[in-house]
Amino acid sequence: MPVNLIFVYSRSILLLGSGFVAEPCLEYLLRSGNNRITVACRRLEKAQELSAKYPDVAAISLDVESDAALDAAVAAHDLTISLIPYTQHARVIKSAIKAKKHVVTTSYISPAMEELDAAAKEAGIICMNEIGLDPGIDHLYALKIINEVRDQGGKITSFESFCGGLPAPEDSNNPLGYKFSWSARGVLLALRNNARYWQDGKLVEIQGKDLMDSARPIYVYPAFATVGYGNRDSSFYRERYNIPHAQTCVRGTLRYQGFPEFAKTLVNMGFLDDAPQDFLSASSPADLAWNAVTQQLLGHSSDCPDELLKAIEAKIDTQDPEARRRILHGVKWLGITSPTVKVSKRGTYLDVLCARLEDLMMYGENERDMILLQHKFEVENKDGSHNTRTSVTLMYGEPNGFSAMAKTVGVP
């Protein structure tokens with residue numbers, strides 16, 4: 001009698017990184033039963049901590065700054081998925097080109113990555129980038145509607161896209177209305193980014209120091225009091241999305257109401273300074289209380305909490321009395337004028353603030369995050385009529401499980 005043979009192709013995949021988004025990616029890759037996964041981190045114990053949760057997953061120590069080690073690891077696998085900091089992605093892609101192996105990243109395409117486009121094509125490999133949440137899912141749903149409109153003979157006259165990773169409303173219980181589902185340092189550094197976009201036919205350019213001042217209400221659902229501000233350079237998306245008639249083209253970040261004013265106060269105080277400070281070095285022997293750090297940062301003559309609060313109040317831009325009251329309440333909550341709260345010394349003003357925020361603003365037991373993404377299109381139809389189309393993605397994380405941010409970045 002005939003025998004049916006079923007051949008199962010086993011793929012070997014190198015997963016670089018073990019951070020927030022790596023585990024949902026790993027869990028998904030293992031579902032088919034056809035993938036052999038190696039988790040690679042600089043510190044072997046971090047890779048082992050993740051790999052030990054799942055059967056038949058290997059763990060290796062890998063320093064991606066060693067070209068020889070990276071080349072060997074990439075060459076030994078069919079596909080590399082890079083979930084390490086974006087600054088290393090060009091290095092990973094170079095190794096993939098040498099080995100003629102495919103590579104996937106979730107980050108924006110940097111100039112260094114773009115320079116490798118011709119070499120990747122010549123090597124015959126797939127180099128897929130910007131395939132997480134933002135960027136990633138946002139691209140897919142934007143192009144879905146853009147192509148639908150074009151196929152029906154219409155054109156896009158305005159495109160706005162705002163996305164935020166936020167605490168679920170019931171867990172937005174701190175003065176910033178924010179908690180960390182990814183790098184605290186990355187969140188703070190994003191506050192320094194310039195923004196560039198098209199608004200009503202004019203090219204708008206906003207310096208990082210003014211970014212929080214540009215925030216405006218973004219209406220998604222009545223239940224959410226959200227505001228938005230530009231996210232880096234979105235001016236070229238008119239060409240990338242092929243929507244030349246769009247007089248407005250902006251991609252931005254969503255936060256809850258009140259975040260920009262509080263964040264701008266921290267910016268005005270100087271807390272985004274990442275220059276090394278000797279007295280904040282981990283090797284500095286003296287214990288430090290937060291009032292001493294804030295006194296030094298502000299150049300104030302006194303470390304008295306009440307005097308420091310007065311100096312901080314002078315850094316608040318908004319003139320709205322209720323907003324000013326909430327910001328001062330938030331400063332007290334942070335403890336950055338306290339003589340009793342000790343500083344975790346990490347070398348810079350930026351990093352000691354990161355440490356403090358991580359102490360206070362990580363997700364707790366049974367808390368969940370939320371992803372909110374809205375595209376808004378103004379459309380001129382074939383018959384000359386006009387209408388507005390929206391596309392909204394709303395997703396909640398699993399309490400004590402995978403966060404919505406981790407799933408939407410790691411799985412796509």
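Right above here is the structure, for reference.
Rules behind the numbers
Residues numbered from 1 in each chain as written. Predicted model: local features only at pLDDT ≥ 70, side-chain atom pairs only at ≥ 80, totals over all residues. Heavy atoms only, no water. Helix = DSSP H or I, 4+ residues; strand = E, 2+ residues; numbered from the N terminus. Buried < 20%, exposed > 50% of the residue type's maximum accessible area, 1.4 Å probe, protein only. Polar contact = N/O pair within 3.5 Å; in protein donor to acceptor, adjacent residues only side chain to side chain. Contact = heavy atoms within 4.5 Å. Core = buried A, V, L, I, M, F, W, Y, C linked by side-chain atoms within 4.5 Å. Axes fitted to C-alpha atoms, helices over the stretch in contact; angles between N-to-C directions. Left-handed = near helix turned anticlockwise from the far one by under 90°. Nonpolar A, V, L, I, M, F, W, Y, C, P; charged D, E, K, R; others polar. Parallel < 35°, antiparallel > 145°, perpendicular 65-115°, else oblique.

Caption draft 1: Here's a closer look at the side chain of His375. Structurally, the position occupied by His375 is in strand β13 (residues 369-380). A residue is classified by how much of its surface remains accessible, and His375, at 1% relative accessible area, is buried. At 2.8 Å, the side chain of His375 forms a polar contact with the backbone oxygen of Asp138. A distance of 2.9 Å separates a polar atom in the side chain of His375 from a polar atom in the side chain of Ser161. Residues contacting His375, with those up to four places away along its chain left out, are Asp138, Tyr141, Ala142, Phe159, Glu160, Ser161, Arg389, Thr390 and Ser391.

Caption draft 2: Fine view of unusual backbone geometry. The residue after Asp134, namely Pro135, is reached through a cis peptide bond having omega 15°. Turning to its location among the elements, Pro135 is positioned in the loop between β6 (127-128) and α7 (137-151). Notably, Asp200 is not glycine yet its phi reads approximately 55°, a positive angle. Tracing the backbone shows Asp200 in the loop between β8 (195-199) and β9 (202-206). If you check the backbone angles, Asn242 has positive phi at about 55° while not being a glycine. Position of Asn242 among the secondary structure elements: in the loop between α9 (237-240) and β12 (248-256).

Caption draft 3: Broad picture of the nonpolar core. Tyr178, Leu188, Leu191, Phe259, Phe271 and Leu357 are the most contacted members of the largest nonpolar core, which totals 51 residues. Here the element with the most residues in this core is helix α14 (residues 349-360); it accounts for six residues. Residues contacting Phe271, with those up to four places away along its chain left out, are Leu266, Trp290, Thr294, Leu297, Ile336, Tyr349, Leu350 and Leu353. One finds Ile13, Val21, Ile37 and Leu83 within the second-largest nonpolar core, a separate group that totals 26 residues.

Caption draft 4: Structural context of the packing of helix α11 (residues 290-298) against α14. Where α11 meets α14, the closest approach of the two axes is 12 Å, and the angle between their N-to-C directions is 145°. Classified by chirality, the crossing of α14 by α11 is left-handed. Together, Trp290, Val293, Gln296 and Leu297 of α11 and Tyr349, Val352, Leu353 and Arg356 of α14 make up the contact between the two elements. A class-by-class count of the residues in the contact of α11 with α14 yields six nonpolar, one polar and one charged.

Caption draft 5: Inspection of the packing of helix α10 (residues 259-269) against helix α13 (residues 321-334) at higher detail. Contact pair α10 / α13: the axes reach a minimum separation of 10 Å and the direction vectors enclose 60°. Between α10 and α13, the interaxial angle falls into the category oblique. Helix-helix and strand crossings are classified by hand; for α10 and α13 the assignment is right-handed. For the pair formed by α10 and α13, the contact residues are Glu261, Phe262, Thr265 and Leu266 on the first element and Ile327, Gly330, Val331 and Leu334 on the second. Its residues assigned to classes, the contact of α10 with α13 shows five nonpolar, two polar and one charged.

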